[in-house]
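Here is what each chain is made of, one letter per residue.
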Amino acid sequence: MIRLTRLHGEEIFVNVELIKFVEAMPDTLLTFTDGDKLHVHETPQEVARKVLEYRRQVYQPESADVQG
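Summarised in this report is the structure supplied together with it.

## Remarks on the nonpolar core
- Counting 13 residues, the largest nonpolar core has I2, L4, V14, L30 and L38 as its most contacted members.
- Put simply, the parts of the chain that give this core at least two residues each are β1 (2-5), β2 (11-14), β4 (28-32), β5 (37-40) and α1 (44-59).
- Sort the elements by how many residues they give to this core and α1 lands first, with 3 residues.
- Leaving out residues up to four positions away in the same chain, I2 has contacts with I12, F13, V14, V16, V47, K50, V51 and Y54.

## Some thoughts on the pairing of β5
- Because side chains alternate across β5, one face comprises the buried residues L38 and V40, and the other comprises K37 and H39, none of which is buried.
- In this structure, β4 lies alongside β5, joined through 4 bridges in antiparallel fashion. Bridge assignment links T31 to a residue of β5, and that residue is K37.
- What sits between the antiparallel neighbours β4 and β5 is a turn of 4 residues, in which G35 has the positive phi angle 95 degrees.

## Focus on the sheet that holds β5
- Strands sit in the order β3-β4-β5 across an open sheet of 3 strands; the sheet is antiparallel. Both outer strands of the open sheet, β3 (19-24) and β5, are each paired with one neighbouring strand and no more. Strand-to-strand twist of the sheet, defined as the mean angle between neighbouring strand axes without regard to direction, takes the value 20 degrees.
- For β3 and β4, the ladder comprises 5 bridges, and the chain directions are antiparallel. Among the inter-strand pairings, A24 is bridged to a residue of β4, identified as T28.
- Running at roughly 150 degrees to β3, α1 makes contact with β3, β4 and β5 of the sheet.

What counts, and where the lines are drawn
- Residues numbered from 1 in each chain as written.
- Predicted model: local features only at pLDDT ≥ 70, side-chain atom pairs only at ≥ 80, totals over all residues.
- Heavy atoms only, no water.
- Core = buried A, V, L, I, M, F, W, Y, C linked by side-chain atoms within 4.5 Å.
- Buried < 20%, exposed > 50% of the residue type's maximum accessible area, 1.4 Å probe, protein only.
- Helix = DSSP H or I, 4+ residues; strand = E, 2+ residues; numbered from the N terminus.
- Contact = heavy atoms within 4.5 Å.
- Pairing = 2+ DSSP bridges.
- Axes fitted to C-alpha atoms, helices over the stretch in contact; angles between N-to-C directions.

Pasting the structure below:
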């Protein structure tokens with residue numbers, strides 16, 4: 001999950017596996033696989049960066065953690 005900020009300032013954690021679209025309208029609008037929508041303060045680029053960081057942490061363990 002990633003931490004994002006609703007337009008009124010409340011922090012929310014979002015399951016990145018459920019994000020279908022991220023659009024700038026001019027606020028950033030997330031559309032989820034079930035059709036729900038959420039406006040957030042972060043830019044689409046910030047959301048994408050957070051998703052990539054999350055996926056790197058989860059799916060690509062640090063090479064330092066692997067003994068060989």
